[in-house]
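Overview (structure and organization)
Letter by letter, the chains look like this.
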Amino acid sequence: MKIIFRRIADYIRECDKLLYILCIITTLFGCVMVLSTTYNYYGQSFGQFITQLGALALGIIAMIVISNFDYRRFSKFWFIIAAIGIVPVILTFFIGYAPGVTDDKAWLMLPGNISFQPSELFKICFCITFGYHCYVLGERVKKFRYMLLLCIHGAIPVLLIHFQGDDGSALVFALMFVGMMFAAGVKLRYFIIALSVAAVALPFIYLFVMNPDQQARINALFFGTESDYLKTLYQQYRGRVAMANGGIFGQGLFNGTLVQASGIPYGYNDFIFTAIGEELGLMGCILTLMLLAAIYIRILYIGFRSNSKLGLVICTGVFTMLASQTIINVGMCLWLIPVIGVTLPLFSAGGTSLLCTYLGLSVVMSIKMHSDEGINHLHRLRLNDN
């Protein structure tokens, strides 16, 4: 019994308590907003709210369990982690289904009528496998031929998710790849060259890669007419009206005019930020972004303090994954970019998505717990106890 209490005390002493507190507070905030946006939508049901709370509980358990394992050890089993990430994605091409009005068969149906989007898990697996790839290469990442190998590695998830039909997630993967390459020490000139090539390729991507629906969203965003407000821009228009309704302090939780009337399409998911704007106003939106920013900064802080390239690159991957989703999602809600189906981390409804986010945070916590600084500190404490 004494050993158990000592291990619990050691864990509390060594874990990143600030990250825990920030994640739990932010997720509980998100759960309340999910309840507000889904209670009437699902016929006065607490179902989605309970799902979110269950995912939060499982996420905390995952953080406790996974953080006790040294990330450097389980990263060596990259081939197993890669299979865990890629096999479910491949299955969607054969047995995937598309929920709601989307045409993207990017989900799997699990036992118990539980829907699961494999790309969410794939993001976490990619952080580990790509981070380990960069770590193994070491300084060789600065050489062109090894950088090409990294590019092939990064292209695999981007292309798979693109052909799956989920270009929003494909874009997030691409941004994760760029961020992790930068953290790995790839020379700046390669980023400049890639950016120049991407700029030249944009017209070709628009004409030959984007489907008509994606082209219509871009056209409507920049050259939209009043008729587009009832069609292509309808979701963003309703979201903007909701945020205008909220003003500075909002109409009050569970009192939003559009939120409670289910008047914002996907107001519980992709557009939950606009629901926050209507019910809690500008101050609620600022609080949301401040909480998320604090978590993301903490993730980077842990990466830099790990004294390990592997830890830094993985933390950068998790940071880029979450930060890019936030920027894209808020950009959609503020009518700055077209709607591309990216959720707001820790807020948007979706139990499996929330749980996968916590899996990423679990790896970050493992990096904190097993950094050289943390291990040395724990060793000193145990010597003092003896």
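Above: the structure in question.
What counts, and at which threshold
Residues numbered from 1 in each chain as written. Predicted model: local features only at pLDDT ≥ 70, side-chain atom pairs only at ≥ 80, totals over all residues. Heavy atoms only, no water. Helix = DSSP H or I, 4+ residues; strand = E, 2+ residues; numbered from the N terminus. Rg over C-alpha atoms; globule rule 2.2 N^0.38 Å. Buried < 20%, exposed > 50% of the residue type's maximum accessible area, 1.4 Å probe, protein only. Contact = heavy atoms within 4.5 Å. Lys, Arg positive; Asp, Glu negative; His and termini not counted. Charge placed at Lys NZ, Arg CZ, Asp CG, Glu CD. Phe/Tyr/Trp six-rings, centres within 6.5 Å; stacked < 30°, edge-to-face > 60°. Lys NZ or Arg CZ within 6 Å of the ring centre and 35° of its normal. Salt bridge = Lys/Arg side-chain N within 4 Å of Asp/Glu carboxyl O. Expected span 1.5 Å × (residues − 1). Arc of directions from axis to C-beta. Axes fitted to C-alpha atoms, helices over the stretch in contact; angles between N-to-C directions. Parallel < 35°, antiparallel > 145°, perpendicular 65-115°, else oblique. Left-handed = near helix turned anticlockwise from the far one by under 90°. Nonpolar A, V, L, I, M, F, W, Y, C, P; charged D, E, K, R; others polar. Patch = residues over 30% accessible without salt bridge, like charges linked within 9 Å, V, L, I, M, F, W, Y side chains within 5 Å. Areas by Shrake-Rupley, 256 points an atom, 1.4 Å probe, with all protein chains shown as cover.

Observations regarding the overall build of the protein
In terms of regular secondary structure, the protein is built from 16 helices and two strands. Taken against the 2.2 N^0.38 rule, which gives 21 Å for 386 residues, the C-alpha radius of gyration of the protein at 22 Å falls within 12% of a compact globule. When the backbone C-alpha atoms are referred to their principal axes, the protein occupies close to 70 × 50 × 40 Å. Evaluated residue by residue, the protein yields a buried proportion of 48% over its 386 residues. Considering only contacts within the protein whose residues lie at least 6 apart along the sequence, 72% involve residues at least 24 apart. The distance from the centre of the 26 positive side-chain charges to the centre of the 19 negative ones in the protein is 13 Å.

Side note on the packing of aromatic side chains
Applying the stated rule across the entire model yields 16 aromatic pairs. For the pair Phe-182 and Phe-191, a centre-to-centre distance of 5.8 Å together with 65° between the ring planes defines the contact as edge-to-face. Ring centres 5.6 Å apart and planes at 65° place the aromatic pair Tyr-229 and Trp-335 in the edge-to-face group. On the criterion of sequence distance, the pair formed by Tyr-229 in the loop between helix 10 (212-223) and helix 11 (234-246) and Trp-335 in the loop between helix 14 (309-333) and helix 15 (351-369) is long-range, its members being 106 residues apart. Classification of Trp-335 as buried rests on a relative accessible area of 12%. Ring-pair connections join several aromatic residues into one group, and the members of that group are Phe-122, Phe-126, Phe-130, Phe-173 and Phe-177. If you follow Arg-140 out to its NZ or CZ, it ends over the ring of Tyr-146, 5.1 Å from the centre. Note that Arg-189 overlies the ring of Tyr-190, its terminal NZ or CZ placed 5.3 Å from the centroid.

Regarding the pattern of salt bridges
Evaluation of the coordinates by the stated rule reveals five salt bridges. Residue Lys-123 pairs with Glu-120 through a salt bridge whose shortest N-O separation is 3.4 Å. Of this pair, Lys-123 and Glu-120 both sit in helix 6 (residues 118-137), three residues apart, which is roughly one turn of that helix. For Asp-213, the salt bridge goes to Arg-217, with nearest N and O atoms at 3.3 Å. Here Arg-217 and Asp-213 lie together in helix 10, a separation of four residues that amounts to about one turn. Judged by its relative accessible area of 42%, Asp-213 is partly exposed.

Thoughts on helix 3 (residues 47-67)
Note that an α-helix has 3.6 residues per turn; residues three or four places apart therefore point the same way. Taking 1.5 Å per residue, 21 residues should reach 30 Å; helix 3 reaches 30 Å between its end C-alpha atoms and fits that length. When we look at burial in helix 3, the residues that qualify are Gln-48, Phe-49, Gln-52, Ala-55, Leu-56, Gly-59, Ala-62, Met-63 and Ser-67. Angular distribution of buried residues about the axis of helix 3 spans 135°; they occupy a single face of the element. If you follow the buried residues of helix 3, they end up packed against helix 1 (2-14), helix 2 (17-38) and helix 15.

A closer look at helix 10
Taking 1.5 Å per residue, twelve residues should reach 16 Å; helix 10 reaches 15 Å between its end C-alpha atoms and fits that length. By the burial criterion, the buried members of helix 10 are Gln-215, Ala-220 and Leu-221. Next to the buried residues of helix 10 lie helix 9 (188-209) and helix 11.

Thoughts on the packing of helix 14 against helix 15
Closest axis-to-axis distance for the helix 14/helix 15 pair is 10 Å, and the angle between their directions is 150°. Accordingly, the angle class assigned to the pair helix 14 and helix 15 is roughly antiparallel. Read as a crossing pair, helix 14 and helix 15 show a hand that is left-handed. Contacts between helix 14 and helix 15 involve Gly-311, Ile-314, Cys-315, Val-318 and Leu-322 from the former and Thr-357, Gly-360, Leu-361, Val-363, Val-364 and Ile-367 from the latter. Classifying every residue of the contact of helix 14 with helix 15 by side-chain character gives eight nonpolar, three polar and no charged.

Thoughts on unusual backbone geometry
Although it is not a glycine, Ser-262 sits at a positive phi angle of roughly 55°. Relative to the assigned elements, Ser-262 resides in the loop between helix 12 (257-260) and helix 13 (272-305). A residue is classified by how much of its surface remains accessible, and Ser-262, at 31% relative accessible area, is partly exposed. One non-glycine residue with positive phi stands out, namely Asn-307, at about 55°. By the secondary structure assignment, Asn-307 is in the loop between helix 13 and helix 14. On the accessibility criterion, Asn-307 (57% relative accessible area) is exposed.

Section: a nonpolar patch on the surface
A surface patch of nonpolar side chains, amounting to about 820 Å² of accessible area, comprises Val-87, Ile-90, Leu-91, Phe-93, Phe-94, Ile-95, Leu-159 and Phe-163. Elements with a minimum of two residues in the nonpolar patch: helix 5 (78-95) and helix 7 (144-164). With six residues, the top contributor of residues to the nonpolar patch is helix 5. Note on placement: Leu-91 falls in helix 5. Exposure remark for Leu-91: the relative accessible area of 36% places this residue in the partly exposed category.

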